[in-house]
Amino acid sequence: MARLEKSAGDIANEIDERFGSAKFVRRSARKVFPDHWSFMLGEIALYSFIILLLTGTFLTLWFKPSQVEVPYEGSYIPLHGLTMSEAYASTLRISFDVRGGLIMRQIHHWAALIFVAAMIVHSARVFFTGAFRKPRETNWLIGVALITLSIIEGLLGYSLPDDLLSGTGFRIAEGVLLAIPVVGTYLSFFFFGGQFPGEDFIARIYTFHVLLLPGIFLALITVHVMLVWYQKHTQYPLPGRTEKNSVGYPFFPVYTAKAGGFFFITFGVTTLLAAFVTINPVWLFGPYTPTQVTAGSQPDFYMGFLEGAFRLMPNWEIHALGYTLSMNIIVPCFIVPGLLFTSMGLYPMIERWVTGDNREHHVLDRPRNVPTRTGLGVMALTTWLILLAAGANDVIAITFHLSINAITWFFRIAIFVVPPLSYVVTKRICLGLQRRDRDLVLHGRETGRIMRLPNGEMIEVHEPISETQRYILTAHESPGPLELEPATDPNGIPRRRVLASKLRARISRFYFEDRIVPPTPTDARELESSGHH
Amino acid sequence: MRLLSKPLGALSRQRRRRFAPMVLLLVALGLTGGAYAAFAPSPQAAAATGASAQTLKDGRDLYLRNCSSCHGLNVEGSSDGPTLVGVGAASVDFQVGTGRMPAAQLGAQIQQKRQQFTQEEIQALAAYIASLGPGPAIPSKDQLDYADADAAQGGQIYRTNCAMCHNFAGSGGALTRGKYAPSLQGVSPKHIYEAMLTGPQSMPVFPDTTMTSQDKRDIIAFLKTTQTEPSPGGLALGKVGPVTEGLAGWLLGLGGLIACAVWLGAKAR
């Protein structure tokens, strides 16, 4: 044992003499991170990405990114003898003739779904707890970029096998390119090397899928994680946690063990899913030819909201001066995602401007304590969900025996009515929860025990809540709306940018008009001294 | 009993927790639903096998009693149903054999249900309707023998002509205004053939002159091969494409991982 320790020490010493690593390791190993399950959602995305790199590398060993037509001679009988692209033939080979190929394909595809889904849930956690506030706006933007790129990466990935479903997807992508005013036709011809489908695009998107985009991902993820390290992780409010400290466990050994274990759990769950549940059964779709199409042509879920926007958009085209402007494509494919992602990316700056709050924040918000932000977030999620569901309108129609036209009209109306409604409902729920929190602090918990007093009166026994809970319920600030600055400054000179400040005051009112002020110690003491339980 | 008293005591202490009523309600609902699913009477399979010789007269009697209120006393049709002169025996065998006729109610589309007549009665009805005017006949055994048919070729024909409505694996698909292309899972070769021959409801007609008898057998071979082959990738999720995959990815994949995260994040007691 002593010899082992000595040789380990020798090796560490050799490394330290060359790289000066001891100081770095000592500091990093003691780095403290707060603990909560919701902080592990981003980890799921990170680990899925590693799984994607590993399984993806395996798949490249056999996949041929070529559209050269070959007769199929592999072992899947219902496709035997058909001519198909080498891309599709090699995907079939991976699925049926390469040992472990099918499960690798399925792990890769399931990990892709989990990757995007985990990023969405992670961003929702960051949004609703206000973790994007100063100083973490940059990391929020990197996250938005990662989600956007992952949608493109996913689209390219499931298009590579060149099966009927993915070919149909790229037929739509061609239409979207064509709809770009002025340069659309040029872009489409550049991209496909001539008419769709041509013989070039599989090889081209392969390079994007396995080289360019993963490289960008790797760079962005590295910066993302380094920023978390450097700016420290946020923490939920608890006694002893402030904006100036970070309470938790050291990176080594607690998080090295936890994170290492969670990586294997993520890999395990993904593998289990891939072992028992089919994903993207390309052998059933058949090879792609532009003359064929199948019912139920849908993209993977991360493209679903675009598909839904597409299906809801009425057929509106503008014909002028011999040109056609395809608003039926431009609106759902450029304007809708543009609005969604731009507003998502800019939200931290917008909120900072509205609140005028330029302080750093390391203690997280409970979503209910910021009702307007929570409401807006739920509104965005509802919009996304409605679009997602609208993208599956045919599956909904056949599953529930409904008219697809009626469903489409329902969603067309819902997309304008339900999100604002969800905003109002969420905000009201948040305010209600805050009132309840206030009540809990001032009056304690209802125990459900009824007591009869000697005089015959029945009362419910309330139990005071713990100190810790009281802290959690009262630690937050509750800012009021910003006051409108007077039109002139103290010297009587008219202020500039009056309109902007008026707008800001209005939005601030919208944000903070309804608010429940958390009880102060004075409130509680007054109540106690008045003899109320 | 003492063995039980400890966990029971722990359970009893939980009953005043905040989520106890909700959990109880969910358990009760689950039990009720489960019990209903287990004990609900299942529809009885139709079995009766008549064995008497059928004549045109029997067919006409059956027609008058069961079909004439919509299709007319003289098979001339009415506002509720088309004339059946010239639809052929294949059409009758398909519509009545799949239970679509007699229709329970008019709607966006007449739905498949339990077969209402015995095969002999259907044959009598078919013979009667066929006697009124020439139309496609019920396919013979030879026409339906797909043992030597080319499934791969059938797949190509299927994807070119059928998949846009019935989906790549014959799982069905939605059409306009509540109409739909039904699932082809478990449909007999005879009924698939007859449907192509007669084009029921929204379906186009594929006569033998444009889609040969061999093509039809190839299609049937493709459907039967892909439907009976074991699913190589595990659960097939209904073979309807990425919608159910997305649902499974969220619920099983991410849901399972979040459950693990909650478990890992829980404080050790």
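Residues numbered from 1 in each chain as written. Chains lettered and ligands numbered in written order. Predicted model: local features only at pLDDT ≥ 70, side-chain atom pairs only at ≥ 80, totals over all residues. Heavy atoms only, no water.

**Structural notes on the overall build of chain A**
A count of helical and extended segments in chain A gives 19 helices and eight strands. Overall, chain A is about 90 × 80 × 65 Å in size when its C-alpha atoms are taken along their principal axes. Buried residues in chain A amount to 46% of all 533 residues. Intrachain contacts of chain A at a sequence separation of at least 6 include 75% that bridge at least 24 residues. For chain A, the computed accessible surface area is about 27400 Å², with 66% contributed by carbon and sulfur atoms. (Helix = DSSP H or I, 4+ residues; strand = E, 2+ residues; numbered from the N terminus. Buried < 20%, exposed > 50% of the residue type's maximum accessible area, 1.4 Å probe, protein only. Contact = heavy atoms within 4.5 Å. Areas by Shrake-Rupley, 256 points an atom, 1.4 Å probe, with all protein chains shown as cover.)

**Quick notes on the overall build of chain B**
When helices and strands are tallied, chain B shows twelve helices and two strands. Here the C-alpha coordinates of chain B stretch approximately 85 × 45 × 35 Å along the principal axes. In chain B, which comprises 269 residues, the proportion classed as buried is 38%. In chain B, once contacts between residues fewer than 6 apart in sequence are set aside, the share between residues at least 24 apart is 63%. As presented, chain B carries roughly 15400 Å² of accessible surface, and 61% of it is formed by carbon and sulfur atoms. Of note, chain B has its 24 positive side-chain charges centred 27 Å away from the centre of its 17 negative side-chain charges. (Lys, Arg positive; Asp, Glu negative; His and termini not counted. Charge placed at Lys NZ, Arg CZ, Asp CG, Glu CD.)

**Concerning the pairing of strand β8 (residues 458-463) of chain A**
Where a strand is regular, its side chains alternate between the two sheet faces. Residues and elements named next belong to chain A. Note that strand β7 (residues 445-452) and β8 share five bridges and pair antiparallel. Looking across to β8, one finds that R445 is bridged to E463. Adjacent in sequence and paired antiparallel, β7 and β8 are bridged by five residues, among which G456 carries a positive phi angle near 95°. (Pairing = 2+ DSSP bridges.)

**What about the pattern of salt bridges?**
Residue and element names in this part refer to chain A. According to the stated counting rule, one finds 22 salt bridges over all chains in the structure shown. Linking R311 and D394 is a salt bridge whose minimum nitrogen-to-oxygen distance equals 3.1 Å. Taken as a pair, R311 in helix α12 (residues 301-312) and D394 in helix α15 (residues 393-400) lie far apart in primary sequence, 83 residues in all. Accessibility expressed as a relative area gives 21% for R311, which makes it partly exposed. For D437, the salt bridge identified is with R366, shortest N-O distance 3.1 Å. With a gap of 71 residues between them, D437 in helix α16 (residues 404-443) and R366 in the loop between α13 (327-355) and α14 (371-390) connect regions that are remote in the sequence. This pair shows no difference in class: D437 is buried, exactly as R366 is. (Salt bridge = Lys/Arg side-chain N within 4 Å of Asp/Glu carboxyl O.)

**Describing the domain arrangement of chain B**
Residue and element names in this part refer to chain B. Segmenting chain B into domains produces domain 1 (50-138) and domain 2 (139-229). Computed from C-alpha coordinates alone, the two centres of domain 1 and domain 2 are separated by 22 Å. Taken together, the contact between domain 1 and domain 2 spans 17 residues of the former and 16 residues of the latter. For the domain 1 and domain 2 pair, buried surface summed over both sides reaches about 1300 Å², with 52% attributable to carbon and sulfur atoms. For domain 1, the biggest contributors to the area lost against domain 2 are F94, Q109 and I138; these three give 42% of the whole. Between D93 and K190 there is a salt bridge, and its shortest N-O distance comes to 3.0 Å. Here domain 1 and domain 2 share four residue pairs in polar contact (both at pLDDT 80 or more) between them. The residue inventory of the side of domain 1 that touches domain 2, partitioned by class, reads eight nonpolar, seven polar and two charged. (Domains from an automatic or database assignment. Buried area = accessible area lost by both parts, 1.4 Å probe. Polar contact = N/O pair within 3.5 Å; in protein donor to acceptor, adjacent residues only side chain to side chain. Nonpolar A, V, L, I, M, F, W, Y, C, P; charged D, E, K, R; others polar.)

**Side note on the environment of A:F410**
Topologically, A:F410 is positioned in helix α16. When the C-alpha atoms of A:F410 and A:A390 are compared, they prove to be 9.3 Å apart, with 20 residues separating the residues in sequence.

**Digging into the packing of aromatic side chains**
Under the defined criterion, the tally for this structure stands at 41 aromatic pairs over all chains. Between A:F58 and A:W62, the aromatic rings sit 4.9 Å apart at their centres with planes inclined by 50°, giving tilted as the arrangement. A residue is classified by how much of its surface remains accessible, and A:W62, at 25% relative accessible area, is partly exposed. An aromatic cluster is built from A:F170, A:F191, A:F192, A:F196, A:F201 and A:Y288, whose rings are joined through pairwise contacts. Positioned over the ring face of A:F510 is A:K427, at 5.8 Å from the centre of the ring. A cation over a ring is seen here: B:K216 above B:Y193, with NZ or CZ 5.6 Å from the ring centre. (Phe/Tyr/Trp six-rings, centres within 6.5 Å; stacked < 30°, edge-to-face > 60°. Lys NZ or Arg CZ within 6 Å of the ring centre and 35° of its normal.)

**Some words on the interface of chain B and chain A**
Chain B puts 53 residues into the contact, and the matching count from chain A is 66 residues. Buried surface at the junction of chain B and chain A, both sides included, amounts to about 4800 Å², of which 70% is carbon and sulfur. Linking chain B with chain A are zero salt bridges, by the criterion used here. Our enumeration of links across chain B and chain A arrives at 15 residue pairs in polar contact (both at pLDDT 80 or more). Listed by contribution, the elements that provide at least two residues to the side of chain B that touches chain A are α8 (151-161), α9 (163-166), β1 (173-174), β2 (180-181), α11 (213-228) and α12 (242-265) of chain B. Among the elements that take part in the side of chain B that touches chain A, α12(B) stands out by supplying 18 residues, more than any other. In the side of chain B that touches chain A, the residues fall into 28 nonpolar, 18 polar and seven charged.

**Examining the side chain of A:T266**
The residue A:T266 is located in helix α10 (residues 251-276) in this model. Apart from the residues within four sequence positions on either side, A:T266 is in contact with A:I44, A:Y47, A:S48, A:I51 and B:L257.

**Here we look at the packing of α14(A) against α16(A)**
Residue and element names in this part refer to chain A. Running from amino to carboxyl end, α14 crosses α16 at an angle of 150°, the nearest separation of the two axes being 8 Å. The orientation of α14 with respect to α16, classified from their angle, is roughly antiparallel. Of the two elements, α14 crosses α16, and the hand of that crossing is right-handed. Split into classes, the residues belonging to the contact of α14 with α16 amount to 17 nonpolar, eight polar and one charged. (Axes fitted to C-alpha atoms, helices over the stretch in contact; angles between N-to-C directions. Parallel < 35°, antiparallel > 145°, perpendicular 65-115°, else oblique. Left-handed = near helix turned anticlockwise from the far one by under 90°.)

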